[in-house]
Amino acid sequence: MTTLYHEAKRAYARLGVDTDKAIRAALKVPVSLHCWQGDDVAGFEVKKGPLGGGIMATGNYPGRARNGDELRADLATAMSLLPGKHRVNLHAIYAETNGKFVERDQLKPEHFSKWIAWAKRRRIGLDFNPTFFAHPKASDGFTLSHVDDATRTFWIRHGQACRRIAAVMAKELGSPCVINHWIPDGAKDLPTDRWSPRVRLTGALDRLLKEKLPGVVDCVEGKLFGLGSEDYVVGSTEFYSHYALTRGVVLCLDMGHFHPTETIHDKISAFLQFHKKLLLHVSRPIRWDSDHIVIFNDDLRAVFQEIVRGNALDRAFFALDYFDASINRIAAYVIGARAARKALLAALLEPASLPQLEGAQKLAALEDLKTMPFGAVWEQLCESNGAPVDWFGTVQRYEKEVLAKRK
Ligand code: RNT
Ligand code: ZN
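Calculation criteria
Residues numbered from 1 in each chain as written. Chains lettered and ligands numbered in written order. Predicted model: local features only at pLDDT ≥ 70, side-chain atom pairs only at ≥ 80, totals over all residues. Heavy atoms only, no water. Helix = DSSP H or I, 4+ residues; strand = E, 2+ residues; numbered from the N terminus. Contact = heavy atoms within 4.5 Å. Phe/Tyr/Trp six-rings, centres within 6.5 Å; stacked < 30°, edge-to-face > 60°. Lys NZ or Arg CZ within 6 Å of the ring centre and 35° of its normal. 1 Å grid on protein atoms, 1.4 Å probe; cavity = no way out; pocket = protein on both sides within 12 Å on 5 of 7 lines; lining within 4 Å. Points joined across faces, edges and corners; volume = space filled by probe spheres on them. Nonpolar A, V, L, I, M, F, W, Y, C, P; charged D, E, K, R; others polar. Donors = N, O, S within 2.8 Å, 3.2 Å for Na, K, Ca; no water. Tetrahedral: all angles 85-135°; square planar, octahedral: opposite > 155°, others 65-115°. Near = heavy atom within 4 Å. Polar contact = N/O pair within 3.5 Å; in protein donor to acceptor, adjacent residues only side chain to side chain. Areas by Shrake-Rupley, 256 points an atom, 1.4 Å probe, with all protein chains shown as cover. Sits in = over half its atoms within 2 Å of the grid points. Salt bridge = Lys/Arg side-chain N within 4 Å of Asp/Glu carboxyl O. Buried < 20%, exposed > 50% of the residue type's maximum accessible area, 1.4 Å probe, protein only. Expected span 1.5 Å × (residues − 1).

A.B. asks: I keep staring at the environment of A42 and nothing clicks. Help me out?
C.D. replies: Along the chain, the position of A42 falls in the loop between strand 1 (31-34) and helix 3 (68-80). Between the C-alpha atom of A42 and that of M1, which follows or precedes it by 41 residues, the distance is 43 Å. If we skip the residues at most four places from it in the chain, A42 touches K48, R64, I93 and Y94.

Have a look at this one:
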């Protein structure tokens, strides 16, 4: 224990906060690492479609992972620099099919056996996502709400196949698998029928989710707009909120999926009056849903504050969701994942008396909290968990020895 931490511990104790307890609590909460930051959401499919789907990774920093072994090595390197508990979040396009083309509705658990074996060795859980984009059958911008029966049914079969894979992941790893259903469906400009796609989406989801699968936690993610779906997104937050409530599935809130100046922290206590749980996609929008690397900023802090103040840590799943291809991708993982855990720790270091304060006293307390010796507690959290405080050198070495050789 450093002298700095010792002093910090005493300073927080004066506010009635036990820093050791906060550290233990912060380390326990699982944060799901999204595999898609490691390769700019490219995936390993034999026939690759353009990303599409209203999302876009920008940048061409060298060294992106080109296959499962590279991506797993990159994730392992990132995790070696992260304190606390993690899971890994996969997308269907990260299936490993031995060079053979396998259509998305034909995916099987065996195509994820390497990921499952790896997760087992590392004793981590896996989460999952069907991939309803980057595919010829999604090129006109519609999937589960498509007007064409055959196309819609294809995507329903894809979702069903993914849920069965998620069930195997959960069973093999002894940990529930959070499967998130996000579709890009929407229109660029003034659709004259906003109704029919929503009717079709409701029906499609009901079919997709029908099979009872133990260990599978289904989530649905809404959105306000995407690139090319600026005017209308079928699966809006309103749509999915009601869908989730009536069907007993989990609503996913992505921090970048609202109006550009709208933040999500105020929504948490509102949704959790009625929903049992929420999946939070931890992301950072800049001017639009730009999926920037998460940093320890006010938006992020407010999200974790709300969850901790509401005593709702067991009612939220945390999953990172960003993809920046313009800087070292391992650093991108480490910066974002550490920022999330930092925000969690900061929230856990708030005095329990805070919600009772009012007026000037409340404002004064909030101001004073900002300059508390938080850094020393964060360093203690890292050290106590065997994660380095200074990690950038490792990333630079890995870049030189591994990433730079990927041509
Ligand atoms: C897209 C959604 C979705 C994706 C991932 C890749 O706007 O945020 O969660 O980012 O499925
Ligand atoms: Zn998301």
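A.B. asks: Can you walk me through the packing of aromatic side chains in this structure?
C.D. replies: For the structure on display, the rule yields eleven aromatic pairs. On the basis of an interplanar angle of 25° and a centroid distance of 4.8 Å, the ring pair of F304 and F318 is categorised as stacked. Of the two residues, F304 is situated in helix 9 (residues 298-309) and F318 in strand 12 (residues 316-320); the sequence distance between them amounts to 14 residues. These aromatic residues form a ring-pair network of at least three members: F132, F154 and W155. Looking at K47, its charged tip hangs above the ring of F101, at a distance of 3.9 Å from the centre. The aromatic ring of F154 is capped on one face by K137, whose charged end is 5.0 Å from the ring centroid.

A.B. asks: Where do I start with empty space enclosed by the protein in this structure?
C.D. replies: Rolled over the atoms, a probe as big as a water molecule pinpoints where empty space is left. Tallied over the entire structure, the rule returns four cavities of 30 Å³ or more. The space that makes up the largest cavity amounts to roughly 180 Å³. In the lining of the largest cavity, the residues fall into seven nonpolar, five polar and five charged. Taken as a whole, the second largest cavity encloses approximately 80 Å³ of empty space. If you trace the second largest cavity, you find it lined by F44, E45, V46, K47, A92, I93, A95, T97, K100, F101, V102 and L107. Of the residues in the lining of the second largest cavity, the class split is eight nonpolar, one polar and three charged.

A.B. asks: Even after reading the chapter, I still don't get the coordination of the zinc ion (ligand 2), so can you show me in this structure?
C.D. replies: Geometrically, a metal with four donors at the corners of a regular tetrahedron has ideal angles of 109.5 degrees, and one with six donors at the corners of a regular octahedron has ideal angles of 90 or 180 degrees. Within the protein, E221 (OE), D254 (OD), H281 (ND1) and D321 (OD) serve as the donor atoms for the zinc ion (ligand 2), at 2.1 Å. Each of the six donor atoms bound to the zinc ion (ligand 2) contributes to angles spanning 70 to 172°, and the resulting shape is octahedral.

A.B. asks: What am I meant to see in the site of ligand 1 here?
C.D. replies: Around ligand 1 lies a shell formed by W36, I55, H91, W182, E221, K223, D254, H257, H281, D289, D321 and F323. A distance of 2.6 Å separates an oxygen atom of ligand 1 from a polar atom in the side chain of K223. Between H257 and ligand 1, the recorded distance is 3.0 Å, taken from a side-chain N or O atom to an oxygen atom. When the free accessible area of ligand 1 is taken as 310 Å², the share hidden by the protein chains comes to 99%. Among the detected pockets, ligand 1 sits in the largest cavity. Of the residues belonging to the shell around ligand 1, the class tally is four nonpolar, three polar and five charged.

A.B. asks: I keep staring at the pattern of salt bridges and nothing clicks. Help me out?
C.D. replies: Side-chain pairs of opposite charge can arise where the charged atoms are in close proximity. Under the defined criterion, the tally for this structure stands at 20 salt bridges. A salt bridge links R72 to D69; the shortest N-O distance between them is 3.0 Å. Linking R72 with D69, this pair stays in helix 3, spanning three residues, or about one helical turn. Judged by relative accessible area, R72 falls into the buried class, the value being 6%.

A.B. asks: What should I look at first to understand helix 3 in this one?
C.D. replies: The α-helix advances 3.6 residues per turn, and as a result positions three or four apart in sequence lie on the same side. With 13 residues, helix 3 should reach 18 Å at 1.5 Å per residue; the first-to-last C-alpha distance of 18 Å fits that figure. The element helix 3 is largely enclosed, with a buried count of ten among its 13 residues. Residues of helix 3 that are buried include every one of G68, E70, L71, R72, D74, L75, A76, T77, A78 and M79, and no others. Of the residues that open helix 3, the one with a side-chain oxygen 3.2 Å from the backbone nitrogen of D69 is N67.

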